[in-house]
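Descriptive structure summary
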Amino acid sequence: MTDPLPTSHFPSPQTMAEKILSQRGDKRVYAGELAVVEVDQVMVVDSIVQSFIERMSRDLAAVPKFPERVSIVIDHVAPASTVSVAQAQKEAREYAAATGVRLFDVGRGICHQVLMEEGLARPGWIVLGSDSHSTTYGAVAAFGTGMGATDIALAAASGKTWLRVPESVKVTFSGELGSGVSAKDVALEMIRALGADGATYMSIEMHAQGRFTRGQRMTLANLCVEAGAKVGLVVPGGEILTDYGYDVPEWVYPDEGANYMQQIEIDLTALRPRMSAPSEVDNVHDVSELRGIKVDQVFIGTCTNGRLDDLHEAAAVLRGQKVDPSTRLLVIPASSQVMEAAMADGTLLTLIQAGAVLGTPGCGPCMGRHQGVLAPGEVCVSTSNRNFIGRMGDKDAKVYLASPAVAAATAIAGRVALPEDVGRG
Ligand SMILES: CC(C)[C@H](C(=O)O)[C@@H](O)C(=O)O
Ligand code: SF4
């Protein structure tokens with residue numbers, strides 16, 4: 001007969017981040033500890049590709065350990081805008097050809113959208129991207145996070161990385177979304193509630209309890225980095241499981257009684273369309289408070305809101321209407337697949353007939369590098385995720401962030417507007 005084990009021998013319950021990092025590493029880990037984990041996919045974007053190649057070839061004198069686990073995406077400035085951008089993209093193509101890593105070239109789309117479409121982020125995987133919005137992969141319960149060129153190169157060379165296990169914030173939802181209110185509004189409300197640095201280096205663990213589609217979950221996980229989070233994980237559940245197309249291993253679910261630094265609840269029923277005013281993402285207001293502000297450009301696209309559902313949302317408002325002559329509307333699908341589907345079902349025709357200008361799938365003017373940068377004093381309503389000073393062009397331009405439906409209504413009115421202001425919704 002042995003004595004029963006004292007309670008301290010039973011492992012304490014774990015959050016989702018702790019579960020994934022324990023499973024993919026070599027020991028059970030908790031917040032604050034270091035984890036060395038296997039990396040399932042390393043993603044490199046065009047803006048960083050030259051530094052990545054330099055680190056690999058010169059500093060590490062290494063080739064990718066598992067070429068099939070590395071993807072390069074040409075998306076941020078695509079097609080190339082200058083000779084030096086063209087040179088970087090040329091080097092990326094040569095590197096991919098020489099090493100056998102995957103390359104998604106001009107027009108395939110924005111890195112995060114493309115990796116999700118290609119099945120290169122899956123439940124329980126560790127996905128490192130050279131881009132801060134790599135939190136997007138949390139939509140399918142992958143531990144997705146952004147890192148710099150040096151860390152990315154080390155992961156590509158060794159197949160592993162090390163991480164400090166993040167503390168977690170638990171987000172729960174009550175009620176149901178009203179009509180005209182979207183995942184973008186939920187995400188902006190979540191950032192407002194947490195604050196722009198309220199979740200610094202934390203895991204935001206969203207208990208969706210069967211709510212939200214895969215695309216909506218991408219919007220939620222994408223914005224998590226705007227509260228400073230290391231990772232934004234949506235707990236799998238509900239119909240979305242069938243939507244994944246992959247098995248969800250039992251070990252990704254958080255344990256009952258796991259330890260959270262903070263908990264917030266978002267009441268979906270009470271939520272009204274939201275807008276983030278310049279120049280911080282957490283400067284969130286009801287659209288009705290900002291109604292009437294004159295707008296020069298509306299941009300619908302990006303890794304936050306450039307998916308087919310987003311274009312449908314915009315087209316529902318713009319059908320049979322015209323963009324105000326004092327405003328321009330840019331629509332850039334997040335990927336070639338989104339563009340093809342929106343072409344096939346007539347969405348693009350609806351948008352073009354309303355006066356939209358289409359761009360090549362990719363980031364477009366989101367970070368102010370090309371295809372729609374703003375002049376001093378100009379105002380843009382964008383479906384993207386950042387509105388910092390100078391983000392989309394001149395430092396004296398202003399960017400407001402909103403949902404595709406609000407962006408579409410604004411394009412028609414030429415001023416910040418709700419769909420109901422232009423006879424929709
Ligand atoms: C270019 C890239 C490094 C950058 C990021 O890390 O997020 C960009 O995608 C952005 O949105 O600001
Ligand atoms: S669409 Fe915008 S936020 Fe997303 S990766 Fe591109 S530049 Fe960054």
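Cut-offs applied
Here the residue numbers are simple positions, counted from 1 along each chain's written sequence. Following the order in which they are written, the chains are lettered starting with A and the ligands numbered starting with 1. In keeping with the predicted nature of the model, local features appear solely for residues at pLDDT of at least 70, side-chain atom pairs appear and are counted solely at 80 or more, and the whole-chain, interface and lining totals rest on all residues. Side-chain figures throughout are based on the complete set of non-hydrogen atoms in the structure, without hydrogens or water. An automatic or database domain assignment supplies the start and end points of every domain. Contacts between residues were defined by any pair of non-hydrogen atoms, one from each residue, lying within 4.5 Å. Simply put, the buried area is the total loss of 1.4 Å probe accessible area from both parts when two parts are fitted together. Note on definitions: salt bridges are taken to be side-chain nitrogens of Lys or Arg within 4 Å of carboxyl oxygens of Asp or Glu. Pairs of N or O atoms are called polar contacts if they sit within 3.5 Å, as long as, within protein, a hydrogen donor faces a hydrogen acceptor (for residues adjacent in sequence, only side-chain-to-side-chain pairs). Numbering goes from the N terminus for both helices and strands, where a helix is a DSSP run of H or I of at least four residues and a strand is a run of E of at least two. Strands pair, by our definition, only if DSSP identifies at least two bridges between them. Note on geometry: axes are C-alpha line fits, over the in-contact stretch for helices, and angles between N-to-C directions span 0 to 180 degrees. Patch membership needs two things, relative accessible area over 30% and no salt bridge, and members are linked within 9 Å if like-charged or within 5 Å if nonpolar (Val, Leu, Ile, Met, Phe, Trp, Tyr). In these tables, accessible area is a Shrake-Rupley quantity obtained with a 1.4 Å probe, and a residue counts as shielded only by the protein chains included in the view. We call a pair of cysteine sulfur atoms a disulfide whenever their separation is within 2.5 Å. Relative accessibility decides the category of a residue: with a 1.4 Å probe and only protein chains considered, values under 20% of the type maximum give buried, values over 50% give exposed, and everything between is partly exposed.

Some details on the domain arrangement of the protein
- Partitioning the protein into structural domains gives domain 1 (34-164), domain 2 (168-267) and domain 3 (276-422).
- Relative placement of domain 1 and domain 2: their C-alpha centres are 24 Å apart.
- Listed per partner, the contact involves 24 residues of domain 1 and 22 residues of domain 2.
- Of all residues in domain 1, Pro123, Thr135 and Ala139 bury the most surface against domain 2, accounting for 28% of the area lost on that side.
- The interface formed by domain 1 and domain 2 includes zero salt bridges.
- Linking domain 1 to domain 2 there are eight residue pairs in polar contact (both at pLDDT 80 or more).
- In terms of residue count, strand E6 (residues 143-146) provides more of the side of domain 1 that touches domain 2 than any other element does, four residues in total.

A short note on the sheet that holds strand E11 (residues 262-267)
- Here we have four strands laid out as an open sheet, ordered E10-E9-E8-E11, and parallel in their pairing. Every interior strand has two partners, whereas the edge strands, strand E10 (231-234) and E11, have only one. Taking each pair of neighbouring strands and ignoring which way they run, the sheet shows an average axis angle of 20°.
- With four bridges joining them, strand E9 (residues 203-207) and E10 adopt parallel strand pairing. Bridging across to E10, Glu205 finds its partner in Leu233.

Let's talk about the sheet that holds strand E3 (residues 70-73)
- Strand order in the open sheet formed by five strands is E4-E3-E2-E5-E6, and the pairing between neighbours is parallel. The open sheet is flanked by strand E4 (102-104) and E6, the only strands paired with a single partner. With strand direction ignored, the average angle separating the axes of adjacent strands in the sheet is 20°.
- As paired elements, strand E2 (residues 41-45) and strand E5 (residues 126-129) share three bridges and run parallel to each other. By the bridge assignment for E5, Gln41 is matched with Val127.
- The strands that helix H5 (residues 149-158) touches are E2, E3 and E5; relative to E2, the one it contacts most, it runs at about 140°.

Focus on a nonpolar patch on the surface
- A cluster of nonpolar residues, Leu34, Val36 and Trp162, forms a patch on the protein surface that exposes about 330 Å² of accessible area.
- Mapped onto the fold, Trp162 is located in strand E7 (residues 160-164).

Focus on the state of the cysteines
- Under the defined criterion, the tally for this structure stands at zero disulfides.
- Cysteine Cys380 is unpaired, with the sulfur of Cys366 as its nearest cysteine sulfur at 9.9 Å.
- Classification of Cys380 by relative accessible area gives buried; the value is 0%.

Things to note about the side chain of Ser134
- As for its placement among the helices and strands, Ser134 is situated in the loop between E5 and E6.
- By relative accessible area, which is 0% here, Ser134 ends up buried.
- Beyond its immediate sequence surroundings of up to four residues, Ser134 is in contact with Met43, His112, Gly129, Gly144, Thr145 and Gly146.

A look at unusual backbone geometry
- Residue Ala78 is joined to Pro79 through a cis peptide bond whose omega torsion reads -5°.
- Looking at the secondary structure, you find Pro79 in the loop between E3 and helix H3 (83-99).
- Residue Ser279 is reached from Pro278 by a cis peptide bond, and omega for that bond is 0°.
- The backbone of Ala141 sits at a positive phi, close to 65°, despite the residue not being glycine.
- With respect to the secondary-structure elements, Ala141 resides in the loop between E5 and E6.
- Of note, the phi angle at Thr302 is positive, near 80°, even though the residue is not glycine.
- Structurally, the position occupied by Thr302 is in helix H10 (residues 302-305).

Things to note about the pairing of strand E8 (residues 168-174)
- For E8, the buried fraction is high: six of the seven residues fall into the buried class.
- Bridge analysis of E8 against E9 gives five bridges, and the strand direction is parallel. Across the sheet, Val169 pairs through a bridge with Ile204, a residue of E9.
- Of the strand pairs in this sheet, E8 and E11 are connected by six bridges, and their pairing is parallel. If you follow Ser174 over to E11, its bridge partner there is Asp267.

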